[in-house]
Each structure stands twice: as C-alpha cells, then as structure tokens.
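# Residue-level structural notes
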Amino acid sequence: GGIITQTPKFLIGQEGQKLTLKCQQNFNHDTMYWYRQDSGKGLRLIYYSITENDLQKGDLSEGYDASREKKSSFSLTVTSAQKNEMAVFLCASSIGKYSGNTLYFGEGSRLIVV
Amino acid sequence: GQQVQQSPTSLVLQEGENAELQCNFSTSLNSMQWFYQRPGGSLISVFYNPSGTKQSGRLTSTTVIKERRSSLHISSSQITDSGTYLCAMQASSSFSKLVFGQGTSLSVVP
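Attention here is on the structure that accompanies the text. Note that the structure is a prediction, hence the values are computed from the model and not measured.

### Some words on unusual backbone geometry
With omega at -10°, the peptide bond leading from T7 of chain A into P8 of chain A counts as cis. In this structure, P8 of chain A sits in the loop between β1 (4-7) and β2 (10-13). Of note, the bond from S7 of chain B into P8 of chain B is cis; its omega dihedral lies within 30 degrees of zero at -10°. By the secondary structure assignment, P8 of chain B is in the loop between β1 (4-7) and β2 (10-14). Of note, R68 of chain B is a non-glycine position whose phi angle comes to about 55°, a positive value.

Structure, rendered in structure tokens:
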C-alpha cells in the first residue's frame with residue numbers, strides 16, 4: 001500500500017500573502033492532482049500533472065501556480081491569498097495518464113486567510 | 001461544460017433504512033467513480049463503475065451509460081455510513097481528470 005501526505009494540515013496566512021501547500025506520494029504514481037473543495041460545491045480541479053515537470057491547468061487555475069519537480073511530489077502555491085479562498089485543498093494521485101484508474105486522496109489542507 | 005448533478009443534497013436516515021443516491025451527467029461518459037468522505041477525512045474510492053452493476057457488501061452501484069446516470073444504493077444503513085458521498089465522471093472527450101458532483105451528505109441516526 002501507499003500513502004499521500006499533505007502538509008501542512010492547516011495553513012493560516014494573511015490576505016495578499018503567497019502560500020504554498022505540499023503533497024508527497026509513495027505509490028510511484030504518474031499522475032497527481034490538486035483539487036479545491038468548498039462546502040456544497042464538490043471538488044474542482046486546479047492543476048494536474050501527468051509526469052515529472054509536466055503541468056496541466058484545470059478549471060480553477062487562475063490565482064494558483066503548481067510545481068512537479070519530482071515524480072513523488074506536487075506543490076500548489078496560492079499566489080495572493082484572498083478571504084474567499086478559504087477552503088480545503090485535496091491532493092490526489094493515480095497510476096496512469098488516464099483517470100480511468102482509481103484516484104487516491106490525501107487528507108486535505110485547510111487554508112485560513114485572516 | 002461538463003456537469004454532474006447529485007441528489008439529494010442531504011439525507012437523514014434511521015439506522016436500518018435503505019438509501020438511494022443519484023448522479024446525472026450532462027455529457028457522454030467514459031467512466032465514473034463513487035467516493036466516500038468522513039467529516040475532516042480524505043476521499044476513499046468506493047466504486048469504480050463505468051457501466052453495469054457492482055456490489056460490495058451493503059453497497060450497490062449501477063451505472064447506465066445511455067441514460068447518463070449512476071446510482072449508489074445503501075442497504076440496512078449503519079451509523080458509521082454517515083459522511084459525504086461524491087460521484088465523479090470522466091468524460092469521453094477528456095482524459096486525465098474527473099469532474100465531481102457536489103456530494104450528498106448522509107446522516108444515519110439511531
């Protein structure tokens with residue numbers, strides 16, 4: 001079995017601040033994802049990456065940057081935190097390029113903007 | 001764009017009752033999955049079910065591609081079934097990402 005580790009679990013920052021979330025997986029999966037979860041709105045895809053150094057924009061990429069420097073890690077940066085961005089950010093991975101395979105999720109990182 | 005509608009939004013059951021959760025998709029479907037999320041927890045894949053019917057214990061998933069819908073049936077509900085159930089589709093035209101519904105919040109009470 002494997003695990004996806006997201007850090008930090010809670011991230012508190014000030015409005016306008018640049019904030020970074022990190023994700024590590026030891027499944028040796030090719031594809032990794034960042035989703036944002038808002039109450040009552042399900043999950044929305046921010047960025048995904050099908051291999052090391054690859055980046056693909058999702059539906060909600062504006063205001064975010066991402067980086068896949070290693071196969072096992074995928075980081076997400078909020079470029080200028082806003083109060084309406086308080087949400088849970090979920091990292092996931094899957095075995096291949098196509099998401100016909102099961103996604104495995106981390107436990108989430110909650111962003112709090114003060 | 002691709003849309004996934006889940007119903008109901010929330011549901012309260014008495015322990016032992018059955019439940020049927022629904023997902024409807026706006027575009028043609030390549031595959032779909034059901035996920036379960038405990039409050040404050042990660043999402044766990046419950047079913048990967050691109051078509052037909054699959055059963056695992058008290059859970060049964062049925063996907064009808066032609067009708068662009070999928071359902072999750074929970075029989076003899078237990079308090080530990082409480083949480084959020086999300087369906088997600090992979091559209092035929094779009095690989096490498098899943099589009100999620102907004103979720104059904106289930107509470108099972110004694």
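### Looking at the pairing of strand β11 (residues 104-109) of chain B
All names here are of chain B. What you see with β11 is a clean split: T104, L106 and V108 sit on the buried side and S105, S107 and V109 on the side with no burial. As defined by bridge partners, strand β9 (residues 83-91) adjoins β11 across three bridges and the pair is classed as antiparallel. Considered in β11, the bridge of Y85 is made with T104.

### Thoughts on the side chain of D54 of chain A
Residue and element names in this part refer to chain A. Within the secondary structure layout, D54 lies in the loop between β5 (43-49) and β6 (56-57). This buried residue, D54, is left without a salt bridge; R68 holds the nearest opposite charge, at 6.5 Å. Excluding its chain neighbours within four sequence positions, the residues that come into contact with D54 are Y48, S49 and R68.

Reading the values: the criteria
- Residues numbered from 1 in each chain as written.
- Chains lettered and ligands numbered in written order.
- Predicted model: local features only at pLDDT ≥ 70, side-chain atom pairs only at ≥ 80, totals over all residues.
- Heavy atoms only, no water.
- Helix = DSSP H or I, 4+ residues; strand = E, 2+ residues; numbered from the N terminus.
- Buried < 20%, exposed > 50% of the residue type's maximum accessible area, 1.4 Å probe, protein only.
- Pairing = 2+ DSSP bridges.
- Lys, Arg positive; Asp, Glu negative; His and termini not counted.
- Salt bridge = Lys/Arg side-chain N within 4 Å of Asp/Glu carboxyl O.
- Contact = heavy atoms within 4.5 Å.

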